[in-house]
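A structural walkthrough
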2 protein chains.
Amino acid sequence: MGGDHGPKVTIPASLDCLKDNPALNLILVGDEAILKPLLSQALGDYLGRLSIRHASECVAMDESPAKALKNKKDSSMRVAINLVRDGQADACVSAGNTGALMATARFVLKMIPGIDRPAIISTLPSIFGHTHVLDLGANVDCTAEHLFQFAVMGNELVKAVDSIENPRVGLLNIGEEDVKGNEQVKAAAKLLESSSLNYIGYVEGDSINAGHIPVDLIVVDGFVGNVALKAIEGAAKMIAGGLKEAFNKNLLAKIAGLVAYPVLKLFKQRIDPRRYNGASFLGLRGLVIKSHGGADRLAFKTAINLAELEIKKDVIQKISQQVEKTLAMSARA
Amino acid sequence: MGGDHGPKVTIPASLDCLKDNPALNLILVGDEAILKPLLSQALGDYLGRLSIRHASECVAMDESPAKALKNKKDSSMRVAINLVRDGQADACVSAGNTGALMATARFVLKMIPGIDRPAIISTLPSIFGHTHVLDLGANVDCTAEHLFQFAVMGNELVKAVDSIENPRVGLLNIGEEDVKGNEQVKAAAKLLESSSLNYIGYVEGDSINAGHIPVDLIVVDGFVGNVALKAIEGAAKMIAGGLKEAFNKNLLAKIAGLVAYPVLKLFKQRIDPRRYNGASFLGLRGLVIKSHGGADRLAFKTAINLAELEIKKDVIQKISQQVEKTLAMSARA
C-alpha cells in the first residue's frame, strides 16, 4: 500500500518479479477491497505463488512513527512484518514511511543480541562497480561501538550478496590522515584496525562514487550518510536536468541530442538509481527491505529482487552468527 | 608556491587576472629565485601592479599544520598572511595545505571577537543558480552556537557578494520535519528561528545542488559539510567519466559524441568546478581565500577574482560589524 504511488506501482512490479522468477512466492499485504480487483487475473495465473493478506489500515507517508506503532496495529506494514516474525514470510518489502517501518520492524522483530542499533544499508554505483554504504539515516548520533557493529553487519551482507571473501571496509572521514576526524570516528578506526575485517582506513566523500581506490563497504553515522546520499542524488539530478536542458536549447542541440540518444540512454541505465533501489535494515532478527517512496515499477522490482537475493544468501542468519562470534571474541579479549 | 602545481599555475593565473582587471595589484609571495625568472617580462609589463615578496620556506602539502606553524616562520603562506595583518595586502590567496593555511591565518590574523571558530565557505552550482555552503571542513564538532555564528557570517558574505537583501538560510538536516536531526541541529534551528535572518528551515543534502526550493546559504557542521562536498565531487566525477566512456565505446558513439560535443561543452562550462574554485575562511580579522590544491590556471584565476570581489564588497568588515551588532543584541536580550 505504501510509497507515493501505492498498488499502482507495487502490483505491476510484483507481477514482473513472479514472471521472471518461478521460485518466488509473494504475499501482498493491504486492503483486500483495493488489491483484489487489481489482481483477479494474476491470482489465477500465479496460483499458489501469489496471495493477498488483508490489512485494514495503512500508515501515511507523513505519519509519526510512534503514532503509527501505537495506533495502527492492523496496518499493512505491521501485518507484513508480523508475517516475517511468524516465519510465514522470509522478508518484508515496503515503499512506505521509513521511520514507521523502522520503528515497527524494531518493535516486532527485535534486535539481534549484541547489536545496539539498526542501520540502513544500500548500494550505490561507483567507477569500480558499486559500493555499499551504511548507515544511511537510522541513527543521528553514533558511538565508535555502533560504527563498529555496522561494519561487522555490513561486512557479512557484502560477503554474501557480492560473493567476495574479504570486502574492503572504509570508514568515512574528512581526510585520510590519522589526525583527521571527530572522536567517534577515530575510536571506531581503532576498533576496526584491531578487528579481523579487511579495514582499508579512512575514505573521503568522493569514495562513494569515485575514490582513488576501490572500497566495497563504507561505514558512516546515519546523519552524515544520509546527507551524503542525498547530496549525491542532488548532484545527479542537477547534471541530468542540465544535460536535458542543454540538448533542448535549440534545433541544432536537439539534433545532436537525437544522435547522442542511444549512447546517453545506455550510460543512464548504468547509473539509473532505479537499478540501485532497496535499502536493507540490518541488526533486526528478520529481513526488511525499504524501497524508495517514489519508486516506479522497475525500481520496486529491484527492491523485491534484492529481498530475494538476501533470502537466498541467508544474510540475516550470517549476520547473527558473525555478531555472536564477534561478541564471544570480545568477551574472551 | 602552493598547490599541486605551484608557480606553473599560480603565475599564469595571476598574469591573466592582472590583464583582465586594471585595478588589481598582486604581490607574489615565495622563493624569489624561482619566481623572478618566470616573471621578468611581466614585472615590466605590470610595473607598479606586480611585485615579488621573498619567502625562504614553503609548507608542504602533507605537512602537519602545527609543525608548519611552529617551524616555518618564513613560509610563503605565513609571509602572505603577515601582509594581510599589516595592511600591505587586502587578501591572501593560496592553493597550499588547507590545515596549515587555516592554523597560520588563525594564529596571525586572530578571530573576530564573538566568533569561536573559523569556518570555510564556498559556492556550489545549483539548479537555481548557486548555493553557498559552510562549514566545509574547518570544524569536526560544532555546537548550536557555532552553527548560528556560521549562519550570521555566511549571511553577510552572501548579502555582499550576491547583492541580495535577505538570503534564504537553510540548516542541513536529514529531513525537513521538526523531529528530525541531532541535538545540535535542533538547538541551532531554535537560534535561527528567533534571529533576524531569513531562515527557511531544515534542508536536505539534495538542496545543495537541486532542492525543491531555492536556498542561498546552507549551514552545516564541518564534518558533514566536507563529506557532502566531496560526495558531490565524486558523483560528478563518476558521471563525467561515464559519459566520456560511453561516447568512446565504438565508432558510432564517437560520431554521436562529435555531434553532441558543442552542447556537452556548453553544459560542462556551466557546472565546471573551476568556475566555483575558492573557499573563504570566515571568522578571521582578515581575508584568506583557499584555492583547491589541484587548481589549474582557470581555477586559480577564479580564486583570485573571488578575493577581489570580497575586497570590493568589504566582506570582512561587514561580518565584523554584524557580529558586533548580534552580540550587542544578545547581551540586551
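Keep in mind the model is a prediction, meaning the values are calculated, not measured. (Residues numbered from 1 in each chain as written. Chains lettered and ligands numbered in written order. Predicted model: local features only at pLDDT ≥ 70, side-chain atom pairs only at ≥ 80, totals over all residues.)

Let's shift gears to the interface of chain B and chain A. Counting residues at the interface gives 48 residues for chain B and 48 residues for chain A. For the side of chain B that touches chain A, the secondary structure elements donating two or more residues are strand 4 (119-126), helix 8 (207-210), helix 9 (222-246) and helix 10 (251-271) of chain B. With 20 residues, the top contributor of residues to the side of chain B that touches chain A is helix 9 of chain B. Per-class residue counts for the side of chain B that touches chain A are 29 nonpolar, 12 polar and seven charged. (Contact = placed C-beta atoms within 7 Å. Helix = DSSP H or I, 4+ residues; strand = E, 2+ residues; numbered from the N terminus. Nonpolar A, V, L, I, M, F, W, Y, C, P; charged D, E, K, R; others polar.)

Turning next to the sheet that holds strand 9 (residues 279-282) of chain B. All names here are of chain B. One open sheet holds the eight strands; their spatial order is 3-10-9-4-5-8-6-7, and the pairing between them is mixed. Two strands close off the open sheet at either side, each with one partner strand: strand 3 (91-94) and strand 7 (198-203). In this sheet, neighbouring strand axes are inclined to one another by 25° on average, regardless of whether the strands run parallel or antiparallel. As paired strands, strand 6 (residues 168-172) and strand 7 are joined by five bridges and run parallel to one another. When the sheet's bridge partners are listed, Val 169 is paired in strand 7 with Tyr 199. The strands touched by helix 7 (residues 183-193) are strand 6 and strand 7; relative to strand 6, the strand with the most contacts, the crossing angle is about 165°. (Pairing = 2+ DSSP bridges. Axes fitted to C-alpha atoms, helices over the stretch in contact; angles between N-to-C directions.)

Attention shifts here to the packing of helix 4 (residues 76-85) of chain B against helix 5 (residues 98-109) of chain B. The geometry of a pair of packed helices is captured by two quantities: the angle between their axes and the separation between those axes. Residue and element names in this part refer to chain B. Axis separation between helix 4 and helix 5 bottoms out at 10 Å; the angle between their running directions is 35°. Along this stretch, helix 4 crosses helix 5, giving a crossing that reads as right-handed. Contact with helix 4, carried on its side by Met 77, Arg 78, Ile 81, Asn 82, Val 84 and Arg 85, involves Ala 100, Leu 101, Thr 104, Ala 105, Val 108 and Leu 109 of helix 5 and no other residues of that element. Residues of the contact of helix 4 with helix 5, tallied by class, amount to eight nonpolar, two polar and two charged. (Left-handed = near helix turned anticlockwise from the far one by under 90°.)

This part is about the nonpolar core. If you look at the biggest cluster of nonpolar residues, it comprises 212 residues, and the most contacted ones within it are Val219(A), Ala228(A), Ile232(A), Val288(A), Val219(B), Ala228(B) and Ile232(B). Setting aside its immediate chain neighbours within four residues, Val219(B) contacts Leu134(B), Leu147(B), Phe150(B), Ala151(B), Gly154(B), Val169(B), Leu171(B) and Leu172(B). (Core = buried A, V, L, I, M, F, W, Y, C linked by C-beta atoms within 7 Å. Buried ≥ 20, exposed ≤ 12 C-beta atoms within 10 Å, placed from the backbone.)

Before going further, it helps to spend a moment on the environment of Arg270(A). All names here are of chain A. The topology assignment puts Arg 270 in helix 10 (residues 251-271). Exposure remark for Arg 270: the 12 C-beta atoms within 10 Å place this residue in the exposed category. Between the C-alpha atoms of Arg 270 and Pro 125, which are 145 residues apart in sequence, the distance is 8.2 Å.

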